[in-house]
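Summary of structural features
Listed below, chain by chain, are the residues.
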Amino acid sequence: MGAVSSLLPVFPWDRLEPYKATAAAHADGIVDLSVGTPVDPVPDLIQKALADAADSHGYPTVWGTAALRDALTAWAGSRLGARGLAHTNVLPIVGSKELVAWLPTQLGLGPGDKVAYPRLAYPTYEVGARLARAEPVVYDDPTTLDPDGLKLLWLNTPSNPTGRVLDADELRRIVAWAREHGVLIASDECYLELGWEADPVSVLHPDVCGGSYEGLVAVHSLSKRSNLAGYRAAFLLGDSAVLGELLQIRKHGGMMVAAPVQAATVAALGDDGHVAEQRERYARRRAALRTAFEAAGFRIEHSEASLYLWATRDEPCWDTVGSLADRGILVAPGDFYGTAGERFVRIAFTATDERVEAAVRRLAD
């Protein structure tokens, strides 16, 4: 019964629990900057769309409604520059983490196959490889990898945890290499609309892909840009052959986005106003926290996009976590994202304005 779970690493967030308890004991309460979960309200127009679709008594389809597919292709064209997408180039998914964890399995990968991902990365890339019993491989530059047996190459731009952005030239070089060697690229772009000191570009932009989506799949989510983490609203865009195969598999697996969530997704993608408002909130919080942490002796690296500051005091990450927990501030240790993060912490700016102000005061003491 434990054979599958034994393939996986220890769930990292469990290790943070004692530090969370310490931070929660602070007289003014915890300031939780560890998990990048939205804290602001779901915009009214999205809640209304969800409520209006509440009488969804029939089964939804895995491919989604025609209205949803229209919304996905329209948004990708206007926001990503991905022109000419048809319905066969889109696929709704039940949150992006589900897709990351199960994509290698759904692609039929297994022993002898390799799945590559950045050396500093979201832990679920490794989990997905291990669930498929494929070999996980880390990289600094993917084009230096041995392509023999490499079946899936994960990109993550903007990066979680570092906030690093791959520019169009870098992406174009990687895409050319992957196509030369027959390697499928899955580009995790869930933070693409949260660029601060850089303008993130999709792997599907014509300057990157040359107008062809062959061998490319981009992963997007509404969790961050629309505060819909609780809705599990996400989608894939790209190679119609790959998405068509995934559609058939997911039909058999019953991996359906709930009908009210599909309606909410259409509303969210059709409105840019709430995205701009949320960006303004995050920009204020980011500026306040960055100033406070730098004044407290931290150095911020990368962090040009996403919802995090990648910070260090040039000490072991767990020492930093413990010191901040004593002040009632909880952050994520960098080694959650790979051994290269052992002297860094990830600081989320998804707390409320009041909690961010509390953190700023405590860091100044």
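For the structure, check the block above.
None of the values given here were measured: they were computed from a predicted structure.

**Focus on the pairing of strand E2 (residues 90-93)**
Here E2 shows no split at all, with Val90 and Pro92 on one side and Leu91 and Ile93 on the other all buried. Strand direction decides the pairing type here: E2 and strand E8 (residues 234-238), joined by four bridges, are antiparallel. Pairing of Pro92 across the sheet is with Phe235, part of E8.

**A look at the side chain of Arg250**
Secondary-structure assignment places Arg250 in helix H8 (residues 240-253). Judged by relative accessible area, which is 0%, Arg250 ranks as buried. A polar atom in the side chain of Arg250 sits 3.5 Å from the side chain of Gln106. Contact partners of Arg250, with chain neighbours within four places excluded, come to Val62, Leu91, Pro92, Ile93, Val94, Glu98, Leu99, Gln106 and Met255.

**Here's the deal with the pattern of salt bridges**
Taken as a whole and judged by the stated rule, the model has 24 salt bridges. We note a salt bridge from Asp40 to Arg285, for which the minimum N-O separation is 2.8 Å. One end of the pair, Asp40, is in the loop between strand E1 (31-32) and helix H2 (44-52); the other, Arg285, is in helix H10 (residues 273-295), and 245 residues separate them in sequence. Between Arg173 and Asp141 there is a salt bridge; the shortest N-O distance is 3.3 Å. One end of the pair, Arg173, is in helix H6 (residues 168-181); the other, Asp141, is in the loop between strand E4 (135-139) and strand E5 (150-156), and 32 residues separate them in sequence. The class for Arg173 is partly exposed, based on a relative accessible area of 39%. Accessibility expressed as a relative area gives 23% for Asp141, which makes it partly exposed.

**Brief notes about empty space enclosed by the protein**
The full count for this structure, using the stated rule, is two cavities of 30 Å³ or more. Put simply, the largest cavity is a space of about 70 Å³. As for the largest cavity, its lining consists of Trp75, Glu189, Cys190, Tyr191, Leu192, Glu193, Leu194, His220, Ser221, Leu222, Arg225 and Phe235. Partitioned by chemical class, the residues of the lining of the largest cavity number seven nonpolar, two polar and three charged. Size it by volume and the second largest cavity reaches roughly 40 Å³. Lining the second largest cavity we find Leu68, Leu72, Pro92, Ala233, Ala234, Phe235, Val257, Gln262 and Thr265. Listing elements by their share of the lining of the second largest cavity, those giving two or more residues are helix H3 (66-80), E8 and helix H9 (259-269). Grouping the constituent residues of the lining of the second largest cavity by class yields seven nonpolar, two polar and no charged.

**Notes on the pairing of E5**
Where burial is concerned, most of E5 is hidden: six out of the seven residues are buried. In this sheet, E5 lies alongside strand E3 (residues 114-118) in parallel orientation, the contact comprising three bridges. Each bridged residue has a counterpart across the sheet, and for Val115 the counterpart in E5 is Leu152. As judged from the five bridges shared by E5 and strand E6 (residues 184-188), these two strands associate in the parallel manner. Bridge pairing in E6 places Leu155 opposite Ser187. In this view, the connection linking E5 to its parallel neighbour E6 by way of H6 has right-handed handedness.

Rules of the game
Residues numbered from 1 in each chain as written. Predicted model: local features only at pLDDT ≥ 70, side-chain atom pairs only at ≥ 80, totals over all residues. Heavy atoms only, no water. Buried < 20%, exposed > 50% of the residue type's maximum accessible area, 1.4 Å probe, protein only. Helix = DSSP H or I, 4+ residues; strand = E, 2+ residues; numbered from the N terminus. Pairing = 2+ DSSP bridges. Polar contact = N/O pair within 3.5 Å; in protein donor to acceptor, adjacent residues only side chain to side chain. Contact = heavy atoms within 4.5 Å. Salt bridge = Lys/Arg side-chain N within 4 Å of Asp/Glu carboxyl O. 1 Å grid on protein atoms, 1.4 Å probe; cavity = no way out; pocket = protein on both sides within 12 Å on 5 of 7 lines; lining within 4 Å. Points joined across faces, edges and corners; volume = space filled by probe spheres on them. Nonpolar A, V, L, I, M, F, W, Y, C, P; charged D, E, K, R; others polar. Right-handed = clockwise from strand over helix to strand, strands pointing away.

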